[in-house]
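Tertiary structure, described
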Amino acid sequence: MKNSIYRGLLLILFIGVSSFWGCVGGSKTVKAENLEYPASLTESIYDKEMNIINNKDYVVVHSFEFSTTKWATLWGLISLSGSLDISKELNDVIKDNNGDAIVNLKIGSHLPLYNACNLITIVGPIIIPSSINISVSGDVVQLNKK
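The model shown is predicted, which means the values in this text are computed figures rather than measured ones.

This brings us to the packing of aromatic side chains. In this structure the tally under the stated criterion is one aromatic pair. The interplanar angle of 15° and the centroid separation of 6.2 Å between the aromatic rings of Phe 64 and Phe 66 together place this pair among those described as stacked. The exposure class assigned to Phe 66 is partly exposed, which follows from its relative accessible area of 23%.

Structure follows, in structure tokens:
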């Protein structure tokens, strides 16, 4: 009888602690479908003839970084803020700095801490929207004129 009471209390404690901590998750696809300039995740880019242009053939004119937050509910299955196309932001930063391309493009994401601390892990994501923070950074470059 005494062991049954301890097991019951342990189960209640486990359920209580579990209901205060959980991961609701989040995901988002980042696109740049209307990008008007070359962009690369590395230091190198290709010219129109598909020749490699590396860092000795250009000068960095501006480093940039911007971020946004996207929202979803139902464990990230229902987006509340639509898709993320960063074409306009990238085109604008290149034009504003008289650039020819972007190199060292980095896209990162992280979940805010409150996404992991739902009061009720199972019901919380249905009621409480979750978010994902997305950051974008890179270098705008001008090609050396030959």
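Further notes follow.
Bringing helix H2 (residues 87-96) into the picture now. Of the residues making up H2, those classed as buried are Ser 87, Leu 90, Asn 91, Val 93 and Ile 94. Each buried residue of H2 sits inside an arc of 165° when the element is viewed along its axis, so together they form one side. Those residues of H2 that are exposed and angled more than 90 degrees off the buried face are Lys 88 and Asp 96. Looking one or two places after H2, you find Asn 98, whose phi comes out positive at around 50°.

With 12 residues, the main nonpolar core is built from Phe 64, Leu 84, Ile 86, Leu 90, Val 93, Ile 94, Ile 102, Leu 105, Ile 132, Ile 134, Val 136 and Val 140. Elements that contribute at least two residues to this core include exactly H2, strand S7 (101-110) and strand S8 (130-143). In terms of residues, this core owes the most to one element, S8, which gives four residues. Listed in part, the six residues of the second largest apolar core include Ile 45, Ile 53, Tyr 58 and Val 103.

Moving on: the pattern of salt bridges. Two side chains carrying opposite charge are able to pair once their charged atoms lie near each other. All told, the structure shown has two salt bridges when counted by the stated rule. Linking Glu 36 and Lys 95 is a salt bridge whose minimum nitrogen-to-oxygen distance equals 3.3 Å. Here Glu 36 is found in the loop between strand S1 (30-31) and strand S2 (45-46), whereas its partner Lys 95 is found in helix H2, with 59 residues between them in sequence. The shortest N-O distance in the salt bridge between Lys 88 and Asp 92 comes to 2.7 Å. On the criterion of helical spacing, the pair formed by Lys 88 and Asp 92 is a turn pair, its members being four residues apart in helix H2.

Thresholds applied
Residues numbered from 1 in each chain as written. Predicted model: local features only at pLDDT ≥ 70, side-chain atom pairs only at ≥ 80, totals over all residues. Heavy atoms only, no water. Phe/Tyr/Trp six-rings, centres within 6.5 Å; stacked < 30°, edge-to-face > 60°. Buried < 20%, exposed > 50% of the residue type's maximum accessible area, 1.4 Å probe, protein only. Helix = DSSP H or I, 4+ residues; strand = E, 2+ residues; numbered from the N terminus. Arc of directions from axis to C-beta. Core = buried A, V, L, I, M, F, W, Y, C linked by side-chain atoms within 4.5 Å. Salt bridge = Lys/Arg side-chain N within 4 Å of Asp/Glu carboxyl O.

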